[in-house]
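Fold and geometry: a report
Chain by chain, the residues:
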Amino acid sequence: MNAVLDNVAAAPAASTKSAEKIALENNKLHKRLCRLVGQAIGDFNMIEDGDKVMVCLSGGKDSYALLDILMTLRERAPINFEIVAVNLDQKQPNFPDHILPAYLKELGIPFHIENQDTYSIVKRLIPEGKTTCSLCSRLRRGILYRVADELGCNKIALGHHRDDILETFFLNMFFGGKLKGMPAKLVSDDGKHMVIRPMAYVKEEDTERYAEVKGFPIIPCDLCGSQENLQRKQIKGLMRDWEKKFPGRVENIFSSLSTVVPSHLMDRDLFGFKDIKADGQANPLGDIAFDEEPCSTPATVPGIIPLQQG
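Right, let's walk through the structure included here. Since this is a predicted model, take the numbers as computed values, not measurements.

1. Some details on the layout of surface pockets
Regions of empty space are outlined by a rolling probe, equal in size to a water molecule, passed over the atoms. Considered as a void within the structure, the second largest pocket measures approximately 250 Å³ in volume. Lining of the second largest pocket is provided by 13 residues; of these, Arg162, Asp163, Glu205, Arg240 and Glu243 occupy positions nearest its centre. Residue assignment for the lining of the second largest pocket shows that the elements contributing at least two residues are helix 6 (162-176), helix 7 (204-214), helix 8 (230-245) and helix 9 (249-256). The dominant element in the lining of the second largest pocket, judged by the number of residues it contributes, is helix 8, at four residues. Of the residues contributing to the lining of the second largest pocket, the split by class is two nonpolar, no polar and 11 charged.

Structure below.
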C-alpha cells in the first residue's frame with residue numbers, strides 16, 4: 001500500500017519536472033531564433049533606424065515566426081523601426097479570410113489585408129494541369145510592391161529560412177545550370193524596394209517546432225489546388241537524407257554560400273582569368289592541382305570551411 005501511495009505522490013512531481021523541461025527547451029528555442037535572426041539582420045544591415053518594415057504574412061509557419069521574432073527584437077533593439085503585417089488575399093476557394101485579421105488584431109500590430117482576385121486570373125490564363133506558381137508569383141510580387149509604396153514601407157521582409165535558400169541554390173544548379181541562390185538582402189527587380197530575409201540563418205525544423213509551441217493559426221498552402229513543386233520536393237528530400245547520414249554536411253554547404261572563392265570557379269565575368277599572370281608571390285589560394293586530395297582544403301586557409309568527406 002505504501003508503495004502505491006508513493007507512486008501516486010511521485011506522479012505529479014514527475015509531471016511538473018517534465019513540464020519544466022519542456023518550458024526550458026521552448027525558451028531556448030525562442031532565444032536561438034532571436035539570436036539567429038538578430039545575427040542575420042546585423043550581418044547584412046537589413047534593418048536601420050527609422051525603417052518601416054512590411055512583413056509579408058502568408059499564414060504559414062515561417063511568416064508567422066518571422067513576425068513574432070521581429071516583434072520581440074523591436075522591443076530590444078537600440079534603434080527604432082516600425083512593423084506592418086501585410087497579407088494578400090488572392091481569393092482562393094475556401095480561404096479562411098477571418099483567421100489572419102483576428103490573429104493580428106489580438107497581437108495589436110498594424111496590418112493591411114490586400115484583396116486581389118489573382119486566383120481567377122491565373123486559372124483563366126494557365127491551362128488545366130499546368131503549374132500555376134510562376135504566374136501567381138509574378139502577380140503577387142507586383143501587388144506587394146505597390147502595397148509597400150502605398151504604406152510607406154522601405155523594407156519588405158519575407159519568411160524564407162536557411163533550407164529555402166539552400167533548396168533554391170540546388171534547384172538553380174541542378175535544373176538551371178547556374179550558381180544562384182536566394183539572397184538575404186537585395187534590391188527588388190523593379191529597383192525601388194529593399195527585400196530582406198531575416199530568417200536566413202534559421203533551420204526549417206526550428207520554425208516547425210516554434211509554430212507548434214506558439215500555436216500559430218496555420219492556413220494550408222494547397223488551397224489553390226496547384227501541384228506541389230516536385231523538383232523542390234526532391235531537393236528537400238535529398239538534403240534531409242544528407243543531414244541524416246552525414247550530420248553537419250548541410251551546414252557546411254550553407255556556409256559555403258558566404259565563403260566564395262571566384263578564382264576557383266569558371267565565371268570569366270566574375271574573375272579575370274585572361275589577365276592573371278604568375279608573379280612569383282606565394283598565395284594560399286593558388287592552385288593545388290598536384291595534391292592527391294585537392295578538395296580537402298586545409299582549415300588553416302582563412303575563410304574556407306572544408307566540406308565533410310563521405
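Picking up after the structure, the text goes on.
2. Brief notes about the sheet that holds strand 5 (residues 185-187)
Spatially, the six strands line up as an open sheet ordered 3-2-1-4-6-5, and their pairing is mixed. Two strands in the sheet have a free side with no partner beyond their single neighbour: strand 3 (111-115) and strand 5. Looking at each pair of strands side by side, their axes are set apart by 25° on average, direction ignored. Across three bridges, strand 5 lies against strand 6 (residues 194-196) in antiparallel orientation. Considered in strand 6, the bridge of lysine 185 is made with isoleucine 196. Helix 2 (residues 61-76) rests against strand 1 (52-56), strand 2 (82-89) and strand 4 (155-157) of the sheet, and its axis sits at about 165° to strand 2. Most of the contacts of helix 3 (residues 99-107) go to strand 3, to which it runs at about 170°, and overall it touches strand 2 and strand 3.

3. Considering helix 2
One full turn of an α-helix is made of 3.6 residues, so residues set three or four places apart face in the same direction. Here helix 2 contains 16 residues, and its C-alpha end-to-end distance of 23 Å stays within 8% of the 22 Å for a straight helix at 1.5 Å per residue. Across the 16 residues of helix 2, 13 count as buried, placing the element largely inside the fold.

The rules behind these values
- Residues numbered from 1 in each chain as written.
- Predicted model: local features only at pLDDT ≥ 70, side-chain atom pairs only at ≥ 80, totals over all residues.
- Heavy atoms only, no water.
- 1 Å grid on protein atoms, 1.4 Å probe; cavity = no way out; pocket = protein on both sides within 12 Å on 5 of 7 lines; lining within 4 Å.
- Points joined across faces, edges and corners; volume = space filled by probe spheres on them.
- Helix = DSSP H or I, 4+ residues; strand = E, 2+ residues; numbered from the N terminus.
- Nonpolar A, V, L, I, M, F, W, Y, C, P; charged D, E, K, R; others polar.
- Pairing = 2+ DSSP bridges.
- Axes fitted to C-alpha atoms, helices over the stretch in contact; angles between N-to-C directions.
- Contact = heavy atoms within 4.5 Å.
- Expected span 1.5 Å × (residues − 1).
- Buried < 20%, exposed > 50% of the residue type's maximum accessible area, 1.4 Å probe, protein only.

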